[in-house]
Amino acid sequence: MAGAKTLATTVHVTDEAGKTHVLEPGKSVPADLAKLITNPKAWSGDAPAPEESESSGSGSGDSGTLSKPPVAGAGSSGDDWKAYAVQEGISVPDGAKKADIVALVTEHEGQAS
C-alpha cells in the first residue's frame, strides 16, 4: 500500500458493518479504517488526507457529495446521517433521532434495489 500511514498509539475503530477493530501502533492501517480515524494525534507523522481512499458510499467523489456515514465511530452522528439522508432525497422529520434516520436510509436503500 503506497503512502500507508502508521499509528502512534492504539486505536479502537468500529467499521461501517459495526465490527470493532483494535489497531496497534507502528502498524499500517487499511484505507477503509484509516478514514474513520479523525484524531490527528493518533497518527505517526501527518494524518492521511480525509478522502485518501475511494468512498464506499454512493458518492461520486465530487467535493459536494457525502458518503454514507458509518453506523458507529467518527462521522456517525445524527447530523451526519441527516445530511446524507437529505442528499439522497429522503424526507427526515424534525426531531428524528439517529436510529430513526438510519432506519429511513436503510428502508430507502431497500426500495432502490
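Everything in this summary refers to the structure shown in the same document. (Residues numbered from 1 in each chain as written. Predicted model: local features only at pLDDT ≥ 70, side-chain atom pairs only at ≥ 80, totals over all residues. Heavy atoms only, no water.)

### Section: the overall build of the protein
Of regular secondary structure, the protein possesses three helices and four strands. Listing each helix as α and each strand as β along the protein from the N terminus yields β-β-β-α-β-α-α. Taken across its 113 residues, the protein has 24% of its residues classed as buried. Long-range pairs, those at least 24 residues apart, make up 29% of the contacts in the protein between residues at least 6 apart in sequence. (Helix = DSSP H or I, 4+ residues; strand = E, 2+ residues; numbered from the N terminus. Buried < 20%, exposed > 50% of the residue type's maximum accessible area, 1.4 Å probe, protein only. Contact = heavy atoms within 4.5 Å.)

### What to know about helix H2 (residues 78–87)
Of all the positions in H2, only Trp 81, Tyr 84 and Ala 85 are classed as buried. For H2, the angular spread of the buried residues around the axis is 100°, confining them to a single face. Here the buried face of H2 lies against helix H3 (98–112). Positive phi appears at Gly 89, one or two residues downstream of H2, with a value of about 85°. (Arc of directions from axis to C-beta.)

### Re the pairing of strand E2 (residues 11–14)
Where burial is concerned, the two faces of E2 differ: the one with Val 11 and Val 13 is buried and the one with His 12 and Thr 14 is not. Relative to strand E3 (residues 20–23), E2 runs antiparallel, the two sharing four bridges. Across the sheet, His 12 pairs through a bridge with Val 22, a residue of E3. Connecting E2 to the next strand, E3, in antiparallel fashion are five residues, including Gly 18 with a positive phi near 90°. (Pairing = 2+ DSSP bridges.)

### So, the side chain of Asp 15
Within the element layout of this structure, Asp 15 appears in the loop between E2 and E3. Buried and without a salt bridge, Asp 15 has Lys 19 as its closest oppositely charged side chain, separated by 6.1 Å. One polar contact links the side chain of Asp 15 to the main-chain amide nitrogen of Ala 17, over a distance of 3.0 Å. In this structure, Asp 15 is in contact with His 21, Leu 33 and Leu 36, ignoring residues within four places of it in sequence. (Lys, Arg positive; Asp, Glu negative; His and termini not counted. Salt bridge = Lys/Arg side-chain N within 4 Å of Asp/Glu carboxyl O. Polar contact = N/O pair within 3.5 Å; in protein donor to acceptor, adjacent residues only side chain to side chain.)

Just geometry here; none of it tells us what the structure is for.
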